[in-house]
Every structure is written in C-alpha cells, then in structure tokens.
Amino acid sequence: MEEVVLLGFWTSPYVMRVKIALLEKGIEFQYKEERDVFEDKNKSELLLESNPIYKKVPVLIHNGKPICESLIILEYIDEVWKQEQQLFSADPYYRAKARFWIDFFDKKTTTCGKKLWANKGEDQDAAKREFVECLKLLENELGEKPYFGGDHFALLDIALIPITCRFYTYEKLCKFSVEEECPKFMEWVRRCNMRESVSKTLPDPFKVFDFVLEVKKRFQIQ
Amino acid sequence: MGEDNSNVVLLDFWPSSYGMRVKIALQEKGVSYECRQEDFEAKSSLLLEMNPIHKMIPVLIHNGKPICESLNIVEYIDEVWNHKPSLLPSDPYKRSQARFWGNYIDKNVYSRGKKVWNGKVEEKEESKKQFIECLKMLEEELGEKPYFGGDEFGYVDVALVPFTSWFYTYETLGNLSIEAFVPKLVGWTKRCMEKQSVAKSLPHPHNIYDFALKYREAHGYE
C-alpha cells in the first residue's frame, strides 16, 4: 500500500509544481497544509522533522521517507511512477535543457521575485525589468510549440506555470502588463490552465494578491 | 544511446571547482575530450554562443550541443555514457538524496568559502563559523561511509571534492585548520585523491592559492 503525503502551503509555487505532477500521474496523495511558512515556531513538527535543514515546503513523504526540493521531488515522482506520461524527456540532452531552464528561472525568481512586491522605486523597477526579460527569454525558448515540452505538457511546463498565479499581484504592484510584454507566453498560460491538473491546483490570483497585502502588513513592508 | 567520444569539448577555467566536477566525471567514464581554457577578462565567442544566458563555465559541448551547469553536466555524462561506474545510484530514493546533497553543496560551499578567503575583514569570524558549520553538516552526512556514495565514489563525492583543492587557500587566508573541525571529511579527501580521476582533475592547492592572491589583489575584498 503506497502512502504519499505532500506537505505544502497554498501560495507556494514550488508546492504547486508537485501537486500538478501528482495529479498528472494520477497518484493518490494526502495533502497537509502548513499553518504558516514564515516563522519556524509556527511550522508543524512533521515539517521540521522531514526537512530539518531547510524547514521548507514542499516535502513529499513516500512510505515514510521524505524527499525535499521541488525539482528533486519531480524527478523522483517520474522515476517511481513510470506508468503515466513521462514528465522528463527520454533524451538526456533535452532533460539537461529542461533542468537548466528550471534552474535559471528559480534563480531569477529568487533574486527579483520578492522585490516585485516588497520593494519600491528604482529597486522595484529594476526587478520588474529583470523579470520581464526572463519571461521574454522563456517566450523565445517556447517558440511556436504549444508547450515547452513540445506537443505534450511536461516538466518545464509544470515547473513554470505555478508562478503565473502571482502575475496579477506583480502587475498591480509594479504597474505593467505581462500580456503586453509577452503575449505568446500568456497564450501558453491560458493553454495550460485548460488542463485539470493546473486549474485544480493554482489558487485564485485575487486571493494571492490579498495574501501578499496581508504579508506586507504583518512584516511592516510598505 | 551508444558511446560517442567523437566530439566532446569542455569549456573550462582551471581554478573553477565546477569545471573540475565535469573533468572528474569524464575521467571516471573514460571519455576523451578536448579541454579549452577560458579567460574571464575576454570570454571566447564560443562560450558566449554556447552559454548566452550565464556566459559561465563549465560548458560541455557534445556533438555541437551545449550542456551548462556543472551538476546538470555530471548527470548528462552519467546518462549518455551509462556504463560503469555509475555516478548516481539506481534506486530512486537514493538518487533523490544524492541530488539533495549536490544541491546543498551548490547552495553553500562556494559562497561560504569565498567569504572566508575574500570576504570583509570585519565579518571574518562569522564567515569562518558559517563555513565550518556547512562542512560539519557534510561530515555528518558522510558518517562512517568511505564515500558519500557508500562503498563507491559517486555523484556527491564528485560535487564536493573539487572544493578541497581550495582548502589550503581557505586555511591560509582564513587562518583556520579544517582538519581540526572535520577530521573525517579530511580523511575522505585523502581517500578521493587516491583515485586517478580526482588526482588528474584537481590542480595543486598551492596553484589555487597563488590564483586567489592575484584575484584578491585585482578585485579587492568583496
């Protein structure tokens, strides 16, 4: 009897990646929502025990054994549950390419993501320019394909789609439009949202915006 | 996929621990390759073409196609030249653990190490503490095993051992004794150096030290 538990938090795009992958593969799992991810004292014992080094979600616990870091979890899911459509390409070169893009994207969202909603003035503007540049590079990588994976919704699509639920927040706070800057990228976003795994997983962008405003208030960020 | 040594080029910069990882992996697999040294003051047009996003080494060019990011390259090498020795374990859970530690090393060793030999003087003691903390975590993970991979040298060993060529630099410029804090890890270093793939790929620590001094003279403390 397989036991699959996912520790998460509803606004985390990294958690959303794992949820989408599990749904795509038709894997039954139990989801446990953390109460708070900002302060260690509010984190569940199970999280602190399963991910003692980083104390972060997502954590996948498979038959009692924890796996941390979203990309590592996706690789694990693909290697263990081979019955459905593979998330990773069979070709090592395309696998390496997908890993590269996810790493690039994650580094970008780490450096400029927070500045988009927590900073103001020139810092925020610079972050906005960097973020748009990143989306344009991705749009270029997508090209004329329906998905980053080609004809099939695959790993890179799963890794990138979650952040899009934050677009409304970024657009409102930074005063720009992703649709205007990257129309092809937004076409891909709409295409992905037609998939049940995505529409079931991504939260309402307005709720995300409200949450960000609450966080700003809580930590006294102007 | 069959073996193909016909066209393997590595763009490298000899003091880079990331470049050394790739060399070790290629040596482990017995893959012959051409190594081209890059000059950071004047990057080659080939590097800029093959890694336009980061413009950094290492880049492996296999039959004209570039693969970037060192651990990504190491996985690629393991997949394409999939004869023994295997660098990653075959069990999915053990693979996820190996990737986790590779990722941990990527997140911590270089940045903490750099602060020790080139960081602000007033932050020196804190930087040393953080660096040793990271090495202790790794020593704990090693435990009583001969290698991080268990009985066999593997992915995590490849990820970490290059940084040991910098130990003399960290110790001399940071004024600390690594062996005093992590004797087991230093024991592991010596064991790894007995392997031809490692001994052939790591530069002499004194050459690294000379490089570090020149770098510090040219760029100042960061």
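This report concerns the structure included in the present document.

Scoring rules and cut-offs
Residues numbered from 1 in each chain as written. Chains lettered and ligands numbered in written order. Predicted model: local features only at pLDDT ≥ 70, side-chain atom pairs only at ≥ 80, totals over all residues. Heavy atoms only, no water. Helix = DSSP H or I, 4+ residues; strand = E, 2+ residues; numbered from the N terminus. Buried < 20%, exposed > 50% of the residue type's maximum accessible area, 1.4 Å probe, protein only. Contact = heavy atoms within 4.5 Å. Pairing = 2+ DSSP bridges. Axes fitted to C-alpha atoms, helices over the stretch in contact; angles between N-to-C directions. Parallel < 35°, antiparallel > 145°, perpendicular 65-115°, else oblique. Left-handed = near helix turned anticlockwise from the far one by under 90°. Expected span 1.5 Å × (residues − 1). Bend = angle between axes of the 7 residues up to and from the residue. Polar contact = N/O pair within 3.5 Å; in protein donor to acceptor, adjacent residues only side chain to side chain. Buried area = accessible area lost by both parts, 1.4 Å probe. Salt bridge = Lys/Arg side-chain N within 4 Å of Asp/Glu carboxyl O. Nonpolar A, V, L, I, M, F, W, Y, C, P; charged D, E, K, R; others polar.

## What to know about the environment of leucine 71 of chain B
Residue and element names in this part refer to chain B. Looking at where leucine 71 falls in the secondary structure, it is placed in helix H3 (residues 70-80). Note on leucine 71: relative accessible area 9%, which makes it buried. Beyond its immediate sequence surroundings of up to four residues, leucine 71 is in contact with Arg21, Gly102, Asn103, Asp106, Tyr155 and Ala159.

## With respect to helix H3 (residues 70-80) of chain A
Counted residue by residue, H3 of chain A has 10 buried out of 11 residues, so it is predominantly covered. For H3 of chain A, every residue scored as buried is listed here: Ser70, Leu71, Ile72, Ile73, Leu74, Glu75, Tyr76, Ile77, Asp78 and Glu79 of chain A.

## Description of the sheet that holds strand S4 (residues 65-68) of chain B
Residues and elements named next belong to chain B. With respect to topology, 4 strands assemble into an open sheet ordered S2-S1-S3-S4, the strand pairing being mixed. Taken across any chain shown, the strands that pair with only one partner, and hence form the sheet edges, are strand S2 (34-37) and S4. The average undirected angle you get between the axes of adjacent strands in this sheet is 20 degrees. Sheet topology note: the strand S1 (residues 8-12)/S2 ladder contains 4 bridges and is parallel.

## Observations concerning the packing of helix H4 (residues 92-118) of chain A against H3 of chain B
In contact at an axis separation of 10 Å, H4 of chain A and H3 of chain B are set at 165 degrees when each is read in the N-to-C sense. Taken together, the axes of H4 of chain A and H3 of chain B lie roughly antiparallel to each other. The chirality of how H4 of chain A crosses H3 of chain B is right-handed. Listed contacts from H3 of chain B to Pro92, Tyr93, Arg95, Ala96, Arg99 and Phe100 of chain A of H4 of chain A are Asn72, Glu75, Tyr76, Glu79 and Val80 of chain B.

## Regarding H4 of chain A
All names here are of chain A. For H4, with 27 residues, the first-to-last C-alpha span of 39 Å sits near the 39 Å given by 1.5 Å per residue. Remark: the principal bend of H4, roughly 35 degrees, maps to threonine 110. Judged by how many residues are buried, H4 sits mostly within the fold: 19 of 27 residues are covered. Between a side-chain oxygen at the N-terminus of H4 and the backbone nitrogen of tyrosine 93 the separation is 2.7 Å; the capping residue is aspartate 91.

## Focus: the pairing of strand S3 (residues 59-62) of chain B
Residue and element names in this part refer to chain B. Side chains Val59 and Ile61 project from S3 onto one buried face, and the interleaved Leu60 and His62 project onto a second face that is buried too. Alignment of S1 against S3, held across 4 bridges, turns out to be antiparallel. Each residue of the ladder has a partner; that of leucine 10, found in S3, is leucine 60. Sheet analysis places S3 next to S4, joined by 4 bridges and oriented antiparallel. In the strand pairing of S4, leucine 60 is matched with isoleucine 67. The antiparallel hairpin formed by S3 and S4 contains 2 residues in its connecting segment, where asparagine 63 sits at a positive phi of about 50 degrees.

## A closer look at the interface of chain B and chain A
It is common to report an interface's size as the accessible area lost on association of the parts. With 27 residues of chain B in contact, the opposing surface of chain A contributes 23 residues. Roughly 2,300 Å² of surface becomes buried between chain B and chain A when both sides are summed, with 65% attributable to carbon and sulfur atoms. Across the pair lysine 107 of chain B and glutamate 69 of chain A runs a salt bridge whose closest N-O atoms are separated by 2.8 Å. Among the elements of the structure, S4, H3 and helix H4 (92-118) of chain B are those that each provide at least two residues to the side of chain B that touches chain A. No other element matches H4 of chain B, which puts 12 residues into the side of chain B that touches chain A. Considering only residue class, the side of chain B that touches chain A consists of 13 nonpolar, 7 polar and 7 charged.

## Considering the sheet that holds strand S1 (residues 4-8) of chain A
Residue and element names in this part refer to chain A. The sheet built from 4 strands is open, its strands ordered S2-S1-S3-S4 with mixed pairing. Since the sheet does not close on itself, it has two edges, and those belong to strand S2 (30-33) and strand S4 (65-68), each with one partner. Along the sheet, successive strands turn relative to each other by an average axial angle of 20 degrees, direction set aside. One ladder, built from 4 bridges, connects S1 with strand S3 (residues 59-62); its direction is antiparallel. Bridge assignment links leucine 7 to a residue of S3, and that residue is valine 59. Here helix H1 (residues 13-24) sits on the sheet in contact with S1, S2 and S3, set at roughly 155 degrees to S1.

## A look at the pattern of salt bridges
Enumeration according to the criterion identifies 36 salt bridges over all chains in this entry. A salt bridge links arginine 99 of chain A to glutamate 75 of chain B, with the shortest nitrogen-to-oxygen separation between them at 3.0 Å. Of this pair, arginine 99 of chain A sits in helix H4 while glutamate 75 of chain B sits in helix H3, on two different chains. Given the relative accessible area of 7%, arginine 99 of chain A is considered buried. On the basis of relative accessible area, glutamate 75 of chain B is assigned to the buried category, the value being 3%. A salt bridge links arginine 190 of chain A to glutamate 179 of chain A; its shortest N-O distance comes to 2.9 Å. Highlighted residues: arginine 190 of chain A in helix H9 (residues 183-193) and glutamate 179 of chain A in helix H8 (residues 178-181), separated in sequence by 11 residues. Given a relative accessible area of 42%, arginine 190 of chain A falls into the partly exposed group. The network of salt bridges with common partners includes Glu75, Glu79, Arg95 and Arg99 of chain A together with Glu75, Glu79, Arg95 and Arg99 of chain B.

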